[in-house]
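# Structural features, examined
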Amino acid sequence: MTTLEKEHTSVAQRLQQEKWLLIELIYAYCWFEKGLLLAKSDLAEYSLDQLEFIVQAIESRESELIERGVSV
């Protein structure tokens, strides 16, 4: 395996790990904070960019509610 191939494999593994961390974060938020039980396999169908967008939207919404003084 060449150095380039090793680097490509390493980057791909890191991106996959990041994706699964985001899936776990979204899954846990929905289950523990909102009482929604999602299928992780459904979340896995989203791209890394889409998952990052979902997390940003959750964080933005939570911040907005906190600023308004709404219990989250």
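These lines cover the structure that appears in this document, whether it is placed above or below.

### Here we look at the side chain of K19
- Locating K19 in the fold gives a position in helix α1 (residues 3–34).
- Summary of buried charges: K19 has no salt-bridge partner, and the nearest side chain of opposite charge, E45, is 9.3 Å away.

### Describing the packing of aromatic side chains
- What the rule picks out here adds up to 2 aromatic pairs.
- A ring pair is formed by W31 and F32, whose centres lie 4.9 Å apart and whose planes are at 25 degrees; its orientation type is stacked.
- When its relative accessible area of 60% is taken as the criterion, F32 is described as exposed.
- Linked through ring pairs, Y27, W31 and F32 together constitute an aromatic cluster.
- Here the basic side chain of K40 rests over the ring of Y27, its NZ or CZ set 4.6 Å away from the ring centre.

### Re the nonpolar core
- Membership of the largest hydrophobic core is limited to 11 residues, which are L22, I23, I26, Y27, Y29, C30, L43, L48, L51, V55 and I58.
- Elements represented by at least two residues in this core include exactly α1 and α3 (48–68).
- A per-element tally of this core places α1 first, with 6 residues.

### Here's the deal with the pattern of salt bridges
- In total, this model carries 5 salt bridges according to the counting rule given.
- The partner of R14 in a salt bridge is E7, and the shortest N-O contact between them spans 3.6 Å.
- Taking relative accessible area as the criterion, E7 reaches 44% and is therefore assigned partly exposed.
- A salt bridge links E64 to R68, with the nearest nitrogen and oxygen atoms 2.6 Å apart. Taken together, the residues E64 and R68, both in helix α3 and 4 residues apart, mark about one turn of the helix.
- Classification of E64 by relative accessible area gives partly exposed; the value is 31%.
- Overlapping salt bridges, with partners in common, bring together R61, E64 and R68 in one network.

How each quantity is defined
- Residue positions are counted from 1 within each chain, in the order its sequence is given.
- Side-chain atom pairs in this predicted model are given and counted only at pLDDT of 80 or more, local residue features only at pLDDT of at least 70, and totals for whole chains, interfaces and linings cover all residues.
- The basis for the side-chain values is all heavy atoms of the structure; hydrogens and waters are excluded.
- We count a stretch as a helix when DSSP gives it H or I for four or more residues in a row; a strand needs E for two or more, and each element gets its number in order from the N terminus.
- Any residue under 20% of the maximum accessible area for its type is buried, any over 50% is exposed, and the rest in between are partly exposed; the area is computed with a 1.4 Å probe on protein chains only.
- Charge counting treats Lys and Arg as positive and Asp and Glu as negative, with His and both chain ends excluded.
- Within this document, salt bridges are pairs made up of a side-chain nitrogen of Lys or Arg and a carboxyl oxygen of Asp or Glu, the two lying within 4 Å of each other.
- Centres within 6.5 Å make a pair out of two Phe, Tyr or Trp rings, where for Trp the six-membered ring is used; the pair is then stacked when the planes are under 30 degrees apart, edge-to-face when over 60, and tilted otherwise.
- Criterion for a charge above a ring: Arg CZ or Lys NZ at most 6 Å from the ring centre, at most 35 degrees from the ring normal.
- What makes a nonpolar core is a set of buried Ala, Val, Leu, Ile, Met, Phe, Trp, Tyr and Cys residues whose side-chain atoms join them at distances within 4.5 Å.

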